[in-house]
Amino acid sequence: MIDMRNKAIKAFKKYSNRYDVADIKIKLKIDHTYRVAEIAGQIGVSVGADPDFAWLLGLLHDIGRFEQLTQYGTFKDAESVDHAELGADILFHDGLIGDFPEEFFVIPGADGGESERRKMAETAIRLHNKLTLSEGLDADTLLYCKVLRDADKTDIMRVLTEPPYDERNGRIIKCSGDGTEPPAREDVMRCVHEHRCVPKTFERTDFESLISQCCMCFELEYPVSRKIVRKQGYLDILMNLAVQNETMKQQLATLRSEMKQAWDYGRKP
Ligand SMILES: [Fe+2]
């Protein structure tokens, strides 16, 4: 199995090398990709999914980011293109998937399983960044969608917390800065109380973005994903950010207490 993963990494490198890998933003995505692949593999083992297939989904999920950044100069989907759709198009319409080992798609004992798995991969990649999953997915597709989404969320906490502080995580510095950032508005805090992600359409301040990122952890599907996030410690860093404003301090305290409730007792219905 190591061999097919190595072949897939080789194909991924061949593709990503077409872009400026010296660019810090490209490097950030490459590092994120490998981590999400590893985490997806780990979650896959724990939830009874095929860990190699889950790992491959992690490796492929953000492939659209390179073209997005090159064409539009930003990772913000709202200002450019839906990177998940773009990545799935590059892989499954333009045929990049053909460079990755066929073995990943073979389901032991299932005739024609390869095309089934290919479809599953396409769906999981298209849906990895959506606020909610579409209705009517079959059980296996749903499983892999959830594994990938959990793995991605898990590593996003790291991206936000670790340097370099660029357009994605510079808000950490701003929010803990001179106290000029305003507190989060009621709509955002309502999502905290309701234990759900903040809709992307909601235009956010930097502090609201930070809270929104933490809210993603309310929607982690699997206990193993929560365990990974706990162990990493990045969510704790975000929720304990040293803000100056009293209301913001209180909002972070609320967030911590809601997260504790959500993780100890499950999500609110
Ligand atoms: Fe993504």
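Draft legend 1. Region of interest: the domain arrangement of the protein chain. In terms of domain boundaries, the protein chain breaks down into domain 1 (2–152) and domain 2 (170–265). For domain 1 versus domain 2, the distance between C-alpha centres works out to 27 Å. Counting residues at the interface gives eleven residues for domain 1, matched by twelve residues for domain 2. The contact between domain 1 and domain 2 buries some 960 Å² in all, and 58% of this surface belongs to carbon and sulfur atoms. Ranking the residues of domain 1 by area buried against domain 2 places Leu131, Lys146 and Asp150 at the top, with a combined share of 52%. Where domain 1 touches domain 2, the interface holds one salt bridge. A salt bridge links Glu221 to Lys146; its shortest N-O distance comes to 3.7 Å. Here domain 1 and domain 2 share three residue pairs in polar contact (both at pLDDT 80 or more) between them. Breaking the side of domain 1 that touches domain 2 down by element, the ones donating at least two residues are helix 2 (24–47) and helix 7 (139–161). When residues in the side of domain 1 that touches domain 2 are grouped by element, the largest group, five residues, is from helix 2.

Draft legend 2. Here's a closer look at the coordination of the iron ion. Around the iron ion, the protein supplies Asp62 (OD), His83 (NE2) and His128 (NE2) as donor atoms, at distances of 2.0 to 2.2 Å. Going along the chain, you hit the donors of the iron ion in the pattern D-x20-H-x44-H. Taken as a pair, His83 in helix 5 (residues 83–93) and His128 in the loop between helix 6 (113–127) and helix 7 lie far apart in primary sequence, 45 residues in all. A relative accessible area of 4% means that His83 is categorised as buried.

Draft legend 3. Structural context of the environment of Phe100. Along the chain, Phe100 falls in the loop between helix 5 and helix 6. For Phe100, a relative accessible area of 4% puts it in the buried group. What Phe100 contacts, discounting residues up to four positions off in sequence, is Ala8, Ala11, Phe12, Leu56, Leu59, Leu60 and Leu91.

Draft legend 4. The arrangement of the packing of helix 2 against helix 3 (residues 51–60) in detail. Where helix 2 contacts helix 3, the axes come no closer than 7 Å and their chain directions differ by 155 degrees. As summarised for this structure, helix 2 and helix 3 are arranged roughly antiparallel, according to the angle between their axes. In the crossing of helix 2 with helix 3, the sense of the turn from one axis to the other is right-handed. Facing Thr33, Tyr34, Val36, Ala37, Glu38, Ala40, Gly41, Gly44 and Val45 of helix 2, the residues of helix 3 in contact are Pro51, Ala54, Trp55, Gly58 and Leu59. Of the residues in the contact of helix 2 with helix 3, the class split is nine nonpolar, four polar and one charged.

Thresholds applied
- Residues numbered from 1 in each chain as written.
- Predicted model: local features only at pLDDT ≥ 70, side-chain atom pairs only at ≥ 80, totals over all residues.
- Heavy atoms only, no water.
- Domains from an automatic or database assignment.
- Contact = heavy atoms within 4.5 Å.
- Buried area = accessible area lost by both parts, 1.4 Å probe.
- Salt bridge = Lys/Arg side-chain N within 4 Å of Asp/Glu carboxyl O.
- Polar contact = N/O pair within 3.5 Å; in protein donor to acceptor, adjacent residues only side chain to side chain.
- Helix = DSSP H or I, 4+ residues; strand = E, 2+ residues; numbered from the N terminus.
- Donors = N, O, S within 2.8 Å, 3.2 Å for Na, K, Ca; no water.
- Buried < 20%, exposed > 50% of the residue type's maximum accessible area, 1.4 Å probe, protein only.
- Axes fitted to C-alpha atoms, helices over the stretch in contact; angles between N-to-C directions.
- Parallel < 35°, antiparallel > 145°, perpendicular 65-115°, else oblique.
- Left-handed = near helix turned anticlockwise from the far one by under 90°.
- Nonpolar A, V, L, I, M, F, W, Y, C, P; charged D, E, K, R; others polar.

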